[in-house]
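Here is what each chain is made of, one letter per residue.
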There are 2 protein chains.
Amino acid sequence: MKSYVNVCFLAILAFGDASPVYGGTDMKVRSAQMVNLLLDNAGNVNDTSVWDSLAEMTDLYGHRMTGHIQYDRSVSWVIGDAKRYPSFTAWEEPVTVNVWNRNTEYAQMNIPTRSPPTVDLPMLGLGQSIGTGPEGIEADVIPVETFEDLEALGNSTIAGNIVLFCADFVSYRDNAKYRFSGASMAEKYGAVAVLVQSITGYSLMTPHTGAMNPASIPGAAITIEDSKLIQRMYNRYNEAQKNPSIPNSEKFIKPRVKLVMNAESYENAKVSSNIIIDLKGSDKSDEIVLISGHFDSWDVGVGAMDDGGGAFSAYGALKMIANLPARPSRTIRVVMWNNEETLGRGMYAYTEAHKDEISKHIFAMESDVGNFNPWGMQVMGTDDAIAKLDALGKMFLTTVGGGNITKSDDPPDADIETLCNMGVTCGGFEPLDKYTQAIPLVPAGTEGYFRFHHTQADRMEVLDKNQLRANSVAMAVWAYILADQ
Amino acid sequence: MKSYVNVCFLAILAFGDASPVYGGTDMKVRSAQMVNLLLDNAGNVNDTSVWDSLAEMTDLYGHRMTGHIQYDRSVSWVIGDAKRYPSFTAWEEPVTVNVWNRNTEYAQMNIPTRSPPTVDLPMLGLGQSIGTGPEGIEADVIPVETFEDLEALGNSTIAGNIVLFCADFVSYRDNAKYRFSGASMAEKYGAVAVLVQSITGYSLMTPHTGAMNPASIPGAAITIEDSKLIQRMYNRYNEAQKNPSIPNSEKFIKPRVKLVMNAESYENAKVSSNIIIDLKGSDKSDEIVLISGHFDSWDVGVGAMDDGGGAFSAYGALKMIANLPARPSRTIRVVMWNNEETLGRGMYAYTEAHKDEISKHIFAMESDVGNFNPWGMQVMGTDDAIAKLDALGKMFLTTVGGGNITKSDDPPDADIETLCNMGVTCGGFEPLDKYTQAIPLVPAGTEGYFRFHHTQADRMEVLDKNQLRANSVAMAVWAYILADQ
């Protein structure tokens, strides 16, 4: 099936005032031919190169937490790899990053009826949290479902205690506020620390970390199972207070947790880097199509899914394009952003360093919500641009996937936010759900992603070799078309 | 819908030569009426008593590993609970059990390119394994998929090394042999320890323990993800030896693991107990219908699913029957077996202690493969008995589930094996798959169970409150019918 594309002529791909209008009245025959060659590779099960290369890097270096040496070693691996492609220009750009060190941490609950009575609660401190001091913090735990409930309980119930934010998973957007703002909110009522029920709909005693807004009290995530245990203990104890005749009531204790965290933060700790890899355009090389993923990860697991898959899908796309007989007109640039998981300084550094060529960016894409079967892009841009992208997606990407387009009113991904706000047409590249194939526009369309998100289970086995190749092909198709008109 | 059951007359429920023929020519009207009352409760979402009682016990005491104090504390909880039911006779019977203490254990791999270079491998020592000695065992790891591959590699490759049995999950039956016999097989070729890829089709960095045949070398389970990491490192290293021009080949090292286990075993360590709870029959009380689950668990998680769900479904069934206005003719006996996970001594102790009344056992049922939506029973018995049970299941249990019957040539569950082999008609009570609702007669029909099996994730959240009640109702229906003819 060589001709996926009806070699036809399209109208001007005009992307409105903010981005330059470019080239001709027709889609070049060459573009369509090159896209066909890219699509040929989509089903090539012998090509597992994207997965294999990400596996080699993550097996060697582990995670890539911003500001940590593992990040920089991994950067060297990528630069070394890119330098083996004569058509690539690869370099690092400085980013001054914050550093957060987790150090030793644990949480325990004393349950006298157990043997041993000290029960370990698997946990992960939240990113940017302060530590507890070496003696730790030990206090009763008050389960709270919402911020409204917190306020209603108030200082009289909360002060001196640990708040457990225990809302069940609805969606990442709904639940993340408790992780991000829980400590800031609870400290107002005198809480000494916060625990957060891990943000996921599925757990095998799996703690999920993530960033929190720094506060005067520490925060940590515990498992769904232990959150439920604490709630049952709390309810049982309170019922026994009201009704001491309940059998075994003398055994029911208040849930009390000892939290020990030795976390430390450094604001401007280190000069680290973004990775830039250019495939220079054939004739309009000053104009840029940017495809990207973030390179930094959390310090648990190896950031295979988040966001090795996104960064390496983009990088794999560039390699596929480099293999083609015809170089596209414009430059295609892969960016691997630093510091996405914390303060976005990779994005800000890039925007500043490239401020004189923002207007030359035709399109910017990021992939950071998983690389399962590709679905398409949420696009922030003019209606005209979106209509044209929609037509292109339907024309080229119905076989491999990744061609669906919807309009987003806001920047559709974290690291392209500044570019979007400066008028670059931008797309967030998104997959179908890992398990249900649900589209990503509904909360359940990303549930599979959140089983692994920010956990020690973010390992290579989350990503399917064939799906990762499909992502690279789809990104390559988008990049080539947009770079060649 | 009061009349689930067409109050009709059935033929003699004759169970062949091995079990006594009982009862008149007709099913008693009373039986059918009582079954209707049991079925009335099936959909009562306000009755979460089975789940709640299991949660209270496991929240208080944690796991119930045979021979450990947590087991005995949990027994006291059950006996105390049963004594609050005037119609129950509850007691303990002695079982001399072996004891295996896990103690401190860990596994690490040194990967110099990582920081820190010491990488922790989540693991669980296999039950009955010996320890490594305090210095641990450190050696290169050789991945091996099958026993045939092990033999082919032979002493020249294996001696002095650690064998990793890395077969992917097909079914528990297919894969468990590597866990059970891996050490015994590998020691023949000079291996110093074995690692086993955890027996599951789904992992979030989840180690699964389980028993191994004791050998002269220790054995431990690691996660699927780390098994795959070790295999990739092994393959990369070997490819680099053949082809040193591969980029980064100087960084590829042989996978080498340090295993530290302080496990200890005691053969006849302790006199512990089985739990027996009788609801005495109204007129043929010497005849017994036995329903059961095992009470001991592994020492990770709290044994909620394995086998708290089975033991408490049976116990819940007895409570439901005790609430009925009419006591059945025969005694219904709940047994909570000790020592199932290790040596089956609970079963042997019961068989010995009750040897003079084995012939009075009409039927024996065990539930030990999960308590999700009930499916039915695999039955070892005469064709006539099976046909009658099949008819009864179709008559009574199509609404709540649990009525399907198939013939088993072998004892269908571990702790009723001796009773089955002594001629008691016996059934293994089984659920539909937790996720797919697949029937349990195909390997994929129990895949959901093996996500949690023998892991720290065997917690109350695995069991659904309504499904657990449905299990109790189904077991109660079977028990009542069989006890009342």
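Residues numbered from 1 in each chain as written. Chains lettered and ligands numbered in written order. Predicted model: local features only at pLDDT ≥ 70, side-chain atom pairs only at ≥ 80, totals over all residues. Heavy atoms only, no water.

Student: What should I look at first to understand the domain arrangement of chain A in this one?
Tutor: The parts lose accessible area when they come together, and the size of an interface is often stated as this lost area. All names here are of chain A. According to the domain assignment, chain A contains domain 1 (7-98 + 267-483) and domain 2 (103-262). Distance between the C-alpha centres of domain 1 and domain 2: 38 Å. Residue-level contacts link 13 residues of domain 1 with 18 residues of domain 2. In this assembly, domain 1 packs against domain 2 so that about 1100 Å² is buried in total across both faces, 68% of it on carbon and sulfur atoms. Contact with domain 2 buries surface across domain 1, with Trp298, Phe450 and Arg451 losing the most and accounting together for 42% of the total. Inspection of the domain 1/domain 2 interface yields zero salt bridges. At the surface where domain 1 touches domain 2, the tally comes to three residue pairs in polar contact (both at pLDDT 80 or more). Residue composition of the side of domain 1 that touches domain 2, by class: five nonpolar, five polar and three charged. (Domains from an automatic or database assignment. Contact = heavy atoms within 4.5 Å. Buried area = accessible area lost by both parts, 1.4 Å probe. Salt bridge = Lys/Arg side-chain N within 4 Å of Asp/Glu carboxyl O. Polar contact = N/O pair within 3.5 Å; in protein donor to acceptor, adjacent residues only side chain to side chain. Nonpolar A, V, L, I, M, F, W, Y, C, P; charged D, E, K, R; others polar.)

Student: Would you mind showing me how to read the interface of chain B and chain A here?
Tutor: Every contact between the two is made by 42 residues of chain B and, on the other side, 42 residues of chain A. The contact between chain B and chain A buries some 3800 Å² in all, and 49% of this surface belongs to carbon and sulfur atoms. Between A:Asp59 and B:Arg236 there is a salt bridge, with the nearest N and O atoms lying 2.9 Å from each other. In this assembly, chain B and chain A are joined by 28 residue pairs in polar contact (both at pLDDT 80 or more). Taken together, the elements giving at least two residues each to the side of chain B that touches chain A come down to helix 2 (49-61), helix 3 (69-82) and helix 6 (224-242) of chain B. Tallied by class, the residues present in the side of chain B that touches chain A amount to 20 nonpolar, eight polar and 14 charged. (Helix = DSSP H or I, 4+ residues; strand = E, 2+ residues; numbered from the N terminus.)

Student: Hey, could you run me through the relation of the copies chain B and chain A in this one?
Tutor: Both copies of the chain are related through a single rotation about an axis accompanied by a shift along the same axis. It takes a turn of 180 degrees to lay chain B on chain A, together with a shift of 0.0 Å along the axis; the resulting RMSD is 0.0 Å. What the superposition gives is, in effect, a two-fold axis relating one chain to the other. Proximity to the rotation axis, assessed at the C-alpha, singles out B:Leu204 in chain B; its C-alpha lies 3.3 Å from the axis. Of the residues that chain B buries at the interface, 98% are likewise interface residues in chain A, meaning the two copies contact each other through the same surface. (Least-squares fit on C-alpha atoms with pLDDT ≥ 70 in both.)

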